[in-house]
Amino acid sequence: MTDMQTLYLLIPLAPLAGALIAGLLGRVIGTTWSHRATIALMMACVAASITVFMDVLEGNVYNGSVYTWAVSGGMHFEVGFLIDRLSAMMMVVVSGVSLMVHVYTIGYMHGDPGYQRFFSYISLFTFSMLMLVMSNNFLQLFFGWEAVGLVSYLLIGFWYTRPTAVYANLKAFLVNRVGDFGFLLGIGLVLLHAGTLDYAEVFTQAPRLATETIDIIPGAPWALLSVTCILLFVGAMGKSAQFPLHVWLPDSMEGPTPISALIHAATMVTAGIFMVARMSPLFELSETALSFILVIGGITTLFMALVAIVQNDIKRVVAYSTLSQLGYMTVALGASAYSAGVFHLMTHAFFKAVLFLGAGSVIIAMHHEQDMRKMGGLKRYMPVTYWTMFIAALASAGVPGFAGFFSKDAIIEALHFAAIPGAGFAYFCAVTTVFVTAFYTFRLVFMTFHGEPRMDHHTQEHLHESPWVVTLPLVVLAIPSIAAGWLIGPMLFGGYFGEAIRILPEHEAIASMAAEFHGVAGMMAHALSTLPFWLSMAGIFAAWYLYRVNTELPGRISRAAGPLYTLLDRKYFIDEFYSWLFAGGARALGGGLWKIGDVKLIDGLIVNGAARSVARVAALVRRLQSGFIYHYAFTMIVGVFVLMSLWLYGS
Amino acid sequence: MLFGLPLLSLVIWLPILAGIGVLATGGDRNAQVARWCALAGSIAGLLVAIPLYTRFDPLSSAMQFEERSAWIEYFNIHYHLGVDGIAMPLILLNCFTTPLVVIAGWQVITQRVSQYMGAFLIMSGIVNGVFSSLDAILFYVFWEASLIPMFLIIGVWGGPNRVYAAIKFFLYTLLGSLLMLVAFIYLYQMSGGSFSIQDYHHLPLPLTPQILIFVAFLLAFAVKVPMWPVHTWLPDAHVEAPTGGSVVLAAILLKMGGYGFLRFSLPIVPDASHQLATLMIALSLVAVVYIGLVALVQADMKKLIAYSSVAHMGFVTLGFFLFNALGLEGAIVQMISHGFISGAMFLCVGVLYDRLHSRQIADYGGVANRMPVFAAFFMLFGMANSGLPGTSGFVGEFIIIMAAIQVDFWYGFLAATSLITGAAYTLWMYKRVVFGEVASPAVEALDDVNGREIAILAILAAAVLGMGLCPAPFTEVMHATVDELLAHVARSKL
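Since we're looking at a predicted model, the values are computed, not measured.

Visitor: Requested: an account of the packing of helix H10 (residues 257-266) of chain A against helix H15 (residues 338-365) of chain A, with residues and values cited.
Guide: To describe two helices that pack against each other, one gives the angle between their axes and the distance between the axes. Residues and elements named next belong to chain A. Axis separation between H10 and H15 bottoms out at 8 Å; the angle between their running directions is 160°. One finds that H10 runs roughly antiparallel with respect to H15. Seen from above, H10 lies across H15 with right-handed handedness. Here H10 contributes Thr257, Pro258, Ser260, Ala261, Ala265 and Ala266 to the contact with H15, which in turn contributes Ala349, Lys352, Ala353, Phe356, Leu357, Ala359, Gly360 and Ile363.

Visitor: Account for helix H6 (residues 163-194) of chain A, with residues named and values stated.
Guide: Residue and element names in this part refer to chain A. A rise of 1.5 Å per residue sets the reference length of H6, with its 32 residues, at 46 Å; its end C-alpha atoms lie 46 Å apart and thus fit the reference within 8%. Among the 32 residues in H6, 27 count as buried, and that is most of the element. Among the residues trailing H6, Gly195 stands out with phi positive, at a value near 75°.

Visitor: Tell me about unusual backbone geometry, and name the residues and values.
Guide: Here the residue pair Phe243 of chain A and Pro244 of chain A is connected by a cis peptide bond, since its omega of 0° sits within 30 degrees of zero. Its location among the elements puts Pro244 of chain A in the loop between helix H8 (224-239) and helix H9 (248-251). In this chain, Trp228 of chain B is followed by Pro229 of chain B through a cis amide linkage whose omega measures 5°. Along the chain, the position of Pro229 of chain B falls in the loop between helix H9 (207-224) and helix H10 (233-240). One non-glycine residue, Phe65 of chain B, lies in the positive phi region at around 55°. Note on placement: Phe65 of chain B falls in strand E1 (residues 64-72).

Visitor: Any chance you could break down the interface of chain A and chain B for me, citing the residues and the numbers?
Guide: At the interface, 43 residues of chain A touch 44 residues of chain B. Counting only elements with at least two residues in the side of chain A that touches chain B, the list comes to strand E1 (62-72), helix H5 (138-156), H6 and helix H27 (574-624) of chain A. No other element matches H6 of chain A, which puts 15 residues into the side of chain A that touches chain B. Looking at the side of chain A that touches chain B residue by residue, the classes come out as 28 nonpolar, nine polar and six charged.

Visitor: Describe the confidence of the model for chain B, naming the residues involved and giving the relevant values.
Guide: For chain B, mean pLDDT is 90; residues scoring 70 or higher make up 99% of the total. What the predictor reports for the complex is a pTM of 0.90 with an ipTM of 0.90.

Visitor: For the environment of Val269 of chain A, give the residues involved together with the corresponding values.
Guide: Residue and element names in this part refer to chain A. As for its placement among the helices and strands, Val269 is situated in the loop between H10 and helix H11 (271-278). Measuring from C-alpha to C-alpha, the distance between Val269 and Leu174 comes to 15 Å, with 95 residues separating the pair along the chain. Apart from residues lying up to four places away in sequence, Val269 is in contact with Lys239, Ser240, Ala241, Leu249, His264, Thr322 and Leu326.

Rules and cut-offs
Residues numbered from 1 in each chain as written. Chains lettered and ligands numbered in written order. Predicted model: local features only at pLDDT ≥ 70, side-chain atom pairs only at ≥ 80, totals over all residues. Axes fitted to C-alpha atoms, helices over the stretch in contact; angles between N-to-C directions. Helix = DSSP H or I, 4+ residues; strand = E, 2+ residues; numbered from the N terminus. Parallel < 35°, antiparallel > 145°, perpendicular 65-115°, else oblique. Left-handed = near helix turned anticlockwise from the far one by under 90°. Contact = placed C-beta atoms within 7 Å. Expected span 1.5 Å × (residues − 1). Buried ≥ 20, exposed ≤ 12 C-beta atoms within 10 Å, placed from the backbone. Nonpolar A, V, L, I, M, F, W, Y, C, P; charged D, E, K, R; others polar. pLDDT = per-residue confidence, 0-100.

In structure tokens form, the structure reads like this:
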């Protein structure tokens, strides 16, 4: 094993060791040593990730097996790593954000009885997520995929005595399982037609697979890759919370805030985006799948952003914002601008982590009050939180110079260039959402930090900035919320991803954009003359007007909008519909099958019925054995008579 | 041979003799002696089984560790034993489970201790006999004999409705297996007077008798597995059985049905098996989908797990009748994994039942507050039951779903619904039992698992995780046998 290979192993195993130490020995070593141990191991993980990243930048790619998981039916199932520019970037983002969240947790979870358990879970999550991004095959991808789902389940339900939390975690797990159901079938088709689950081997066969068809419905041949890619994307829809499988993500806010930042904003939910980017050699060959992705992503982008406008819970606003931003990443994938999607994934990971962690800092100060209507004026009490969140809000709204601007603008441009059916719809959604995003983000900022304090007197007296373990991660993450965007030149147009992402020549939106790209400053200058910039300014202005100047107006608008407001407030009634159709339907069906099928038919009619018939026959037969000699004698005489007559008659 | 003794005879008769020894300790005055003797006997049984794995030649598809001597010469019946890559793992699973069951009953069983412990040891030996017999009559004797200890375990140490459950269990399975005996006698005639199972494998048969024989075997094995619609004895038997009984029933006895398909149905009547494969697949998929939904609405934890067993065993029969190596190996892996997981799930319910004397989900709530260590174990096994990757529950289901898609996309589609239903019924139960505020004073009074319980659960957790993270050692031993079996089944006997 080379030194690099040792490092590859160290990267996931360090957080795993941390998880085991905090999880199994947490009670013995106490709270302080639990966080020291996990954070020390996370630091090793981050250092190793950065070293690997540097190594990859020099052009080194590693693809190799760690061990053979199983051999069956002549198929080899391996656990192995593929370290290229895509996975190396993800490793840095995942381990970096995770380390910051570990530090932040010291402050946020201070005094919680489950302190060590929490550290164990977030380290375990980091391990799972790293296994997911480092995988070189579909099986291990699925491993990581489900493992992050498990940890997400455990963390949403971390405060397990809260009914809402344990409802939300069950819902999250099951909705994700619906996605995984499609994902697994997609993997099955890959295995069937490519005969292997190894990425590299599958991708070399992609051109051949593109010519094959599959008869899912007999007599109607469909393109194999379209079916496969859509099934795989269904998995991404679950994990990355795309409409209509988005319902779990807002509820997941029941979990502690650090994990909302780590899992439900920065890393896990982007697994679907990462997966599609990783599979670009397959998705590129199916325009149907790309169109499907564009439409799903477009719907998610716009309609989830609209819901964010009417939310009053600070975390829910950020959660719906996350859904919408994931939609942006998804439409980028659909437009074949995988690198733009992954780039937005990275910038979003930073600014959204700041928004969440900042919201968490506010929640600590407010004694776990999350309703923005009871906040206001927090700016003077919490300057660090305010300024970092302000930066993140600018990034989120897409103001030139901040990270989100570059990545979002690249996506909108790519949609503009894309010629795939559905791109027009997605372009419309993406552009409209720029306004909506700016509006809800600054609505949050103004309602929380500006204006008159609306909290009760007691809370106001105790307001103060959070401790350094909370503010330090905010500051550290705020820096890339600005600066990460400046990497757009090398990352998007400089061929950073190299062979990791493959794009067909006819889908080269990014290449056309590269021709027009003249540096970061040029991009910013150019933006001033485009629609998205003015929409974003308009959004910020509208938020300022409605929540700073004319604060009576929002209430009047919502009353005037009536049913429309209700529709948004109730999130299009999707939750109610699902709970009626799926949860209720499954229970009714299960109950019906059990009561009628098992109890009445099988047991009642056949099993116990057979027993009853035996009893009935036996009751009849028993009468023959009456015990009276004259009965038996009479029967014998009848018998003799019948036999005799038969004998006489027969002869 | 171990110390000059034949290995297979040792794994059969050592536990049986130990069981008789335990019985001989007599009344409950000597209960502690009975417990220690039973533990020693069961561990000895496990130790003598280990060479079966270490000395097994994974490259050979032939029967290994063969023993053969005349038994009833007049009918040409032999005491003929041997194992291949299918039987050997099942024997190990059985020997692995017995000590756990003995420990599980350690403090809980206080009445007729020696008889309880003795019954489990004797059953362990009998089941090893089932998995290693190569003579049809010997097999039949072990097969039927295994009913008796379980009948007693349910009928004597069971719950309030134990008599109904015990009789239902006994009659259901007995009736199922009678036609199997008829089939053996027919085969004896056709083969010119042989009861050797391996002779039957090579016996040419026309299609009609093949189908009749298949149906006769099917009744016996389908009841045992159990397949839909002859599964209704299982929930009742589980609900009434003591914890140890449920563990052995789910982990071991159900596997006898699966084993029967592989040893008898497929190789003896391959053409009928192919002819009826679609029916068998349909029944298996009904088990996965229908039973998955039925499990969702159960209010009794044991019933819920019993139904989940039926659904998981549906994967096993599905894997058999796909006729590809992936499916068959997946099915065997699934049998072993189900042994670990269902055993663990029943033990977990047993832990709760021992404390609160209720199996009703509604009587619990907030258990995690009082029993955090237990909650962690239960979570692990619940996740394994939902087929989470990294646990053994994933391995078999994943391989079988992959195999099903190779045959027909929709088979895979229906089988994969268990990803959703399995998680739904398991985790919904978990939520209602373990999460939430402490639901009642009774829950408030619960104590966490003790050292004895931790030991059992930890051993099973290691097995579940070990097999999930690295199933290769389990699949390696079966390749040769499975390939040979598939090649054999592919040859028509007509």
